[in-house]
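So you can see what is in the structure, the chains are spelled out below.
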Amino acid sequence: RAMVGGLCINEWLIKEGLLTIKDYPKVATAIEKLQINWAKTKVWGSGGYYARIFLNVEGREPNGQIPKAEYEKFRRELKEKIENIKDEQGNKLATIAHIPEEIYKSVNRIPPDLIVIFDQLRWRSIGSIGTGSVYSYENDTGPDDANHAQEGMYVLSLPNGKENRDDKHHLYDIAPTVLDLLGVKIPEDMIGKSMYGGLVGAR
């Protein structure tokens, strides 16, 4: 996917008063290399093609600042704020901040509190601090003009020579399709369905 630019998520959090660092760097620096004032920090994030947002929760983090009783309300409000971030011209982006428990069957250990996909991945997440701006036209390591795409691509070539290529299926359907083609019983707890068995004249 063509990339418009990058959103410096930690710069945005600093401007919102949610993240405080002890010394603002003169050049773009990874947040992991900076000293964070945890007593004045409620949120921090990491870069990548999507953003992983972490909340500084009382009783979960060593110096948590968000009371457990306020956690869910705070997370929902932060989700709404992030989804309303605009570009430099003031245009609203098609951003979605996902709550991991709502999109995954199960989550392990301590997942991010929010997973943010900026403008359908036309903007990537920049984790560095020191750019002096919420907006960037490079990624964390230098110039870039492309990002990952959510949709992916597959071509299914069937034994009878027919091919199937459409956008009606999900990543979850790949594993049961492979098992079906190999003649292996598909476990009942698999989320997806075989694309092979459902195709007319495939067998």
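Given the structure is predicted, the values throughout are model-derived calculations rather than measurements. (Residues numbered from 1 in each chain as written. Predicted model: local features only at pLDDT ≥ 70, side-chain atom pairs only at ≥ 80, totals over all residues. Heavy atoms only, no water.)

Trainee: Describe the overall build of the protein, with residues and values.
Mentor: Tallying secondary structure elements over the protein gives 4 helices and 11 strands in all. Taking all 203 residues of the protein together, 41% fall into the buried category. Put simply, 54% of the contacts in the protein that link residues at least 6 apart link residues at least 24 apart. (Helix = DSSP H or I, 4+ residues; strand = E, 2+ residues; numbered from the N terminus. Buried < 20%, exposed > 50% of the residue type's maximum accessible area, 1.4 Å probe, protein only. Contact = heavy atoms within 4.5 Å.)

Trainee: Got a sec to walk through the confidence of the model for the protein? Specific residues and values, please.
Mentor: Reading predicted coordinates in detail is not appropriate for stretches of low pLDDT. Confidence in the prediction of the protein, expressed as mean pLDDT, is 87, and 85% of residues score 70 or more. Confidence, expressed as mean pLDDT per element, reaches its minimum in the protein at strand E9 (residues 142-143) with 60 and its maximum at helix H2 (residues 71-83) with 98. (pLDDT = per-residue confidence, 0-100.)

Trainee: How would you sum up the packing of aromatic side chains? Please name residues and give values.
Mentor: Any pair of aromatic rings gets described here by the distance separating the centres and the angle formed by the planes. Enumeration over the complete set of coordinates arrives at 5 aromatic pairs. Ring centres 6.0 Å apart and planes at 65° place the aromatic pair Trp123 and Tyr135 in the edge-to-face group. Residue Trp123 is located in strand E6 (residues 123-126), and its partner Tyr135 is located in strand E7 (residues 135-136); the two are separated by 12 residues in the primary sequence. Members of the aromatic cluster, joined through ring pairs, are Trp38, Trp44 and Phe54. It is Arg52 that lies over the ring of Tyr50; its NZ or CZ is 5.0 Å from the centre. (Phe/Tyr/Trp six-rings, centres within 6.5 Å; stacked < 30°, edge-to-face > 60°. Lys NZ or Arg CZ within 6 Å of the ring centre and 35° of its normal.)

Trainee: Could you give me a rundown of the sheet that holds E6, with the residues and numbers involved?
Mentor: If you trace the 3 strands from one edge of the open sheet to the other, you get E6-E1-E7, paired in mixed fashion. Each end of this open sheet is capped by a strand with a single partner; those strands are E6 and E7. (Pairing = 2+ DSSP bridges.)

Trainee: Give a description of the environment of His170 that names residues and reports values.
Mentor: Along the chain, His170 turns up in the loop between strand E11 (163-164) and helix H4 (174-181). Residue classification places His170 among the partly exposed positions, given a relative accessible area of 46%. Through-space distance from the C-alpha of His170 to that of Lys193 is 9.0 Å; in sequence the pair is 23 residues apart. Of note is the side chain of His170, whose polar atom sits 3.0 Å from the backbone nitrogen of Tyr172. (Polar contact = N/O pair within 3.5 Å; in protein donor to acceptor, adjacent residues only side chain to side chain.)

Trainee: Describe in detail the pattern of salt bridges, supporting the description with residues and values.
Mentor: Counted under the stated rule, the structure contains 9 salt bridges. With its nearest N and O atoms 2.9 Å apart, the salt bridge here joins Arg75 to Glu101. Linking Arg75 in helix H2 with Glu101 in helix H3 (residues 100-103), this pair joins segments that are 26 residues apart in sequence. Given the relative accessible area of 41%, Glu101 is considered partly exposed. Residue Arg122 is joined to Asp119 by a salt bridge in which the shortest nitrogen-to-oxygen separation is 3.2 Å. (Salt bridge = Lys/Arg side-chain N within 4 Å of Asp/Glu carboxyl O.)

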